[in-house]
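What the coordinates show
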Amino acid sequence: LAKTTQPISMDSYEGQEVNITCSHNNIATNDYITWYQQFPSQGPRFIIQGYKTKVTNEVASLFIPADRKSSTLSLPRVSLSDTAVYYCLVGDIGDDKIIFGKGTRLHILP
Amino acid sequence: DTAVSQTPKYLVTQMGNDKSIKCEQNLGHDTMYWYKQDSKKFLKIMFSYNNKELIINETVPNRFSPKSPDKAHLNLHINSLELGDSAVYFCASSLPLREQYFGPGTRLTVT
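A cluster of like positive charges, contributed by A:R105, B:K9, B:K41 and B:R107, occupies part of the molecular surface. Along the chain, B:K41 turns up in the loop between strand 4 (31-37) and strand 5 (43-49). Residue classification places B:K41 among the partly exposed positions, given a relative accessible area of 39%.

Laid out in structure tokens, this is it:
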């Protein structure tokens with residue numbers, strides 16, 4: 001299972017775009033990149049998943065360079081309610097042994 | 001219309017007791033999971049289970065055992081509780097090869 005490295009914490013302001021980068025140097029060919037969001041006192045919530053290039057949904061975008069050794073979660077125009085911990089996971093899709101790292105604690109300021 | 005529910009939300013008990021946490025999902029998912037999130041917020045998978053296979057994280061003590069009375073339920077039984085078992089326990093479920101949906105968590109405090 002590929003290990004991931006993310007910043008421990010980030011601060012940003014309302015209305016700005018936030019980019020959180022995750023490093024996964026030993027990603028395997030079959031591995032997908034998945035991001036989850038966790039609010040205090042709640043379970044993690046799936047945000048987005050991708051394999052290469054760019055994926056976009058109603059919540060976020062995921063940018064994956066050609067070598068796939070890193071990925072960037074982009075949150076457009078954040079609000080105070082986006083304050084949460086964001087986890088980057090790398091593994092075979094449907095892997096029952098996915099590992100959550102330490103995550104990135106994002107704090108949005110007014 | 002709760003997707004994944006857990007009961008109880010809070011559980012306070014003494015060392016040595018046996019307790020259970022219930023989990024139910026109404027999503028029709030095939031696989032269910034249990035996770036432990038400790039005080040440092042590390043989220044670790046404990047079990048994954050579908051109707052064919054139970055996969056156990058080898059670091060989980062055998063005092064912990066999942067029980068699935070049917071496809072929609074995966075309960076967590078814990079025997080001889082220890083102080084170190086204090087944590088938040090999350091249940092989750094998924095379809096094959098798809099993302100997981102998590103429950104609200106159960107905060108277990110062992111005194």
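Now that the structure is up, let's keep going.
Ranked by size, the top nonpolar core spans 20 residues in total, and within it A:V18, A:I33, A:W35, A:I47, A:L73, A:L75 and A:Y86 carry the most contacts. Per element, the largest residue contribution to this core is 4 residues, and it comes from strand 8 (residues 84-92) of chain A. Residues within four places of A:I33 in sequence aside, it is in contact with A:H24, A:I27, A:I48, A:Q49, A:G50, A:L62, A:I64, A:S71, A:C88, A:L89 and A:V90. B:C23, B:F64, B:L74 and B:A87 belong to the second-largest nonpolar core, a separate cluster that totals 19 residues.

Here the focus is the pairing of strand 9 (residues 87-94) of chain B. All names here are of chain B. Counted residue by residue, strand 9 has 8 buried out of 8 residues, so it is predominantly covered. Burial along strand 9 is two-sided: the face carrying A87, Y89, C91 and S93 and the face carrying V88, F90, A92 and S94 are both buried. Inspection of the sheet shows strand 4 paired to strand 9 by 7 bridges, in the antiparallel sense. Counted as the bridge partner of Q37 is V88 from strand 9. By the bridge criterion, 3 bridges tie strand 9 to strand 11 (residues 106-110) in an arrangement that is antiparallel. Directly across from Y89, in strand 11, lies its bridge partner T106.

Taken together, the 16 residues of chain A in the interface contact 20 residues of chain B. Counting the surface lost from both chain A and chain B, the interface buries some 1,500 Å², and carbon and sulfur atoms represent 57% of this. The interface formed by chain A and chain B holds 0 salt bridges in total. At the surface where chain A touches chain B, the tally comes to 3 residue pairs in polar contact (both at pLDDT 80 or more). Classifying every residue of the side of chain A that touches chain B by side-chain character gives 7 nonpolar, 5 polar and 4 charged.

A few words on the packing of aromatic side chains. All chains considered together, the criterion is met by 10 aromatic pairs over all chains. Ring pairs connect the aromatic residues A:Y36, A:F46, A:Y87, A:F100, B:Y33, B:Y35 and B:F102, which therefore count as one cluster. The aromatic ring of A:Y51 is capped on one face by A:R68, whose charged end is 3.9 Å from the ring centroid.

We now examine the sheet that holds strand 3 (residues 31-38) of chain A. All names here are of chain A. In space, the 5 strands of this open sheet follow the order 1-9-8-3-4, with mixed pairing throughout. Of all strands in the sheet, those bounded by a partner on one side alone are strand 1 (9-13) and strand 4 (45-50). Pairs of neighbouring strands in the sheet enclose a mean axial angle of 25°, with direction left out of account. Pairing between strand 3 and strand 4: 5 bridges, direction antiparallel. Residue pairing across strands places Q37 opposite R45, the latter belonging to strand 4.

Thresholds, definitions, all that
- Residues numbered from 1 in each chain as written.
- Chains lettered and ligands numbered in written order.
- Predicted model: local features only at pLDDT ≥ 70, side-chain atom pairs only at ≥ 80, totals over all residues.
- Heavy atoms only, no water.
- Patch = residues over 30% accessible without salt bridge, like charges linked within 9 Å, V, L, I, M, F, W, Y side chains within 5 Å.
- Areas by Shrake-Rupley, 256 points an atom, 1.4 Å probe, with all protein chains shown as cover.
- Salt bridge = Lys/Arg side-chain N within 4 Å of Asp/Glu carboxyl O.
- Lys, Arg positive; Asp, Glu negative; His and termini not counted.
- Charge placed at Lys NZ, Arg CZ, Asp CG, Glu CD.
- Helix = DSSP H or I, 4+ residues; strand = E, 2+ residues; numbered from the N terminus.
- Buried < 20%, exposed > 50% of the residue type's maximum accessible area, 1.4 Å probe, protein only.
- Core = buried A, V, L, I, M, F, W, Y, C linked by side-chain atoms within 4.5 Å.
- Contact = heavy atoms within 4.5 Å.
- Pairing = 2+ DSSP bridges.
- Buried area = accessible area lost by both parts, 1.4 Å probe.
- Polar contact = N/O pair within 3.5 Å; in protein donor to acceptor, adjacent residues only side chain to side chain.
- Nonpolar A, V, L, I, M, F, W, Y, C, P; charged D, E, K, R; others polar.
- Phe/Tyr/Trp six-rings, centres within 6.5 Å; stacked < 30°, edge-to-face > 60°.
- Lys NZ or Arg CZ within 6 Å of the ring centre and 35° of its normal.
- Axes fitted to C-alpha atoms, helices over the stretch in contact; angles between N-to-C directions.

Bear in mind that shape data such as this cannot, by itself, settle questions of function.
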